[in-house]
Amino acid sequence: MFVKDTTDMLTDDDCSDAFLVQQCQKGDRQCFRYLYQRYQGKVRSTLYQLCDSSSLDDLVQEVFLRVWKGLPLLKQPATFSTWLYRITWNVATDRRRMLARHHSFNSKLKTIDPTGDSDILSSGGDSSDLMHLHYQDLVQRGLAHLSFEHRTVMVLHDLEEIPQKEIAEILNIPLGTVKSRLFHARAALRKFLQREGVNL
């Protein structure tokens, strides 16, 4: 049986991931809804960049189904976000194994600077919106040419803004490997864009 809904009494201070996880572990479905609302956008964005878009809703649902089933076993509630991204990565990896090599990247991609952390590809104003969208399409196609491992690190770091140390924990790889993959991913994307006539 699920416990009585406690979220009517929650304050902003109470709504930490750790608190919500602890309530979920007691069976509180409403607290799980809070976690879902807090993270579903990030999960969806990450899955979109790593998988095709045709089954995106199913993949998001699969992630949160695994989260709900696994919450009772999560011993460190404060690490929820890292654990969630690891599940997201696992779902994406499982999905990739069942797909052909070509993936669809049709949504509007957030701005990436392949040379660093600034918004080098940002549009300068309304007059360049069309060119900005053209660059975004090129970046999408450039991402599609990266290996799954390089693309994953770039999506998590440059799109989701997850620190490199946390990415290492999510993917269970050394921090040095994260740094190396990010460097090579940015270099490959930069070369692709330059071949397409983009001056960086």
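Residues numbered from 1 in each chain as written. Predicted model: local features only at pLDDT ≥ 70, side-chain atom pairs only at ≥ 80, totals over all residues. Heavy atoms only, no water.

**Details of the nonpolar core**
Spelled out, the test is: Within this scheme, the nonpolar core is defined by two criteria: the residues are buried Ala, Val, Leu, Ile, Met, Phe, Trp, Tyr or Cys, and they are joined through side-chain atoms within 4.5 Å. Three labels apply to residues, based on accessible area from a 1.4 Å probe with only protein chains included: buried if under 20% of the type maximum, exposed if over 50%, partly exposed otherwise in between. Helix numbering and strand numbering both begin at the N terminus, where a helix is a DSSP run of H or I of at least 4 residues and a strand a DSSP run of E of at least 2. Residue contacts follow a heavy-atom distance rule, with two residues in contact if any of their heavy atoms lie within 4.5 Å.
In terms of nonpolar packing, the biggest core is built from 51 residues, with Leu47, Val63, Val67, Leu71 and Phe80 touching the most fellow members. Of all elements in the fold, only α1 (17-25), α2 (29-50), α3 (56-70), α4 (80-97), α5 (129-144), α6 (148-159), α7 (164-171) and α8 (175-195) reach the threshold of two or more residues within this core. With residues up to four places along the chain from it excluded, the contact list for Leu47 reads Leu56, Leu59, Val60, Val63, Thr88, Val91 and Ala92.

**So, α2**
The criterion, for reference: To obtain the bend at a residue, axes are fitted to the seven residues ending there and to the seven starting there, and the angle between these axes is taken. Whenever a nitrogen or oxygen atom comes within 3.5 Å of another N or O atom, the pair is scored as a polar contact, on the condition that within protein one atom can donate a hydrogen and the other can accept it, and that pairs from neighbouring residues in sequence are kept only if both atoms are in side chains.
Helix geometry: α2 is bent most strongly at Tyr39, by close to 45°. Taken together, the buried positions of α2 are occupied by Cys31, Phe32, Leu35, Tyr39, Val43, Ser45, Thr46, Leu47, Tyr48, Gln49 and Leu50. One side-chain oxygen at the N-terminal end of α2 lies 2.9 Å from the backbone nitrogen of Gln30; it belongs to Asp28.

**Focus on the confidence of the model for the protein**
To keep things clear, this is the line we draw: Every residue gets a pLDDT, meaning the predictor's confidence in that residue, from 0 to 100.
Here the protein averages 79 in pLDDT, and 72% of its residues register 70 or above. Within the protein, α7 carries the highest mean pLDDT (95), whereas α5 carries the lowest (70). Ignoring residues within four places in sequence, the model shows residues 100-111, a span with pLDDT below 50, making 36 contacts including any to other chains. Below a pLDDT of 50 lies the segment residues 114-128, which in the model reaches 31 contacts outside its immediate sequence neighbourhood of four places, other chains included.

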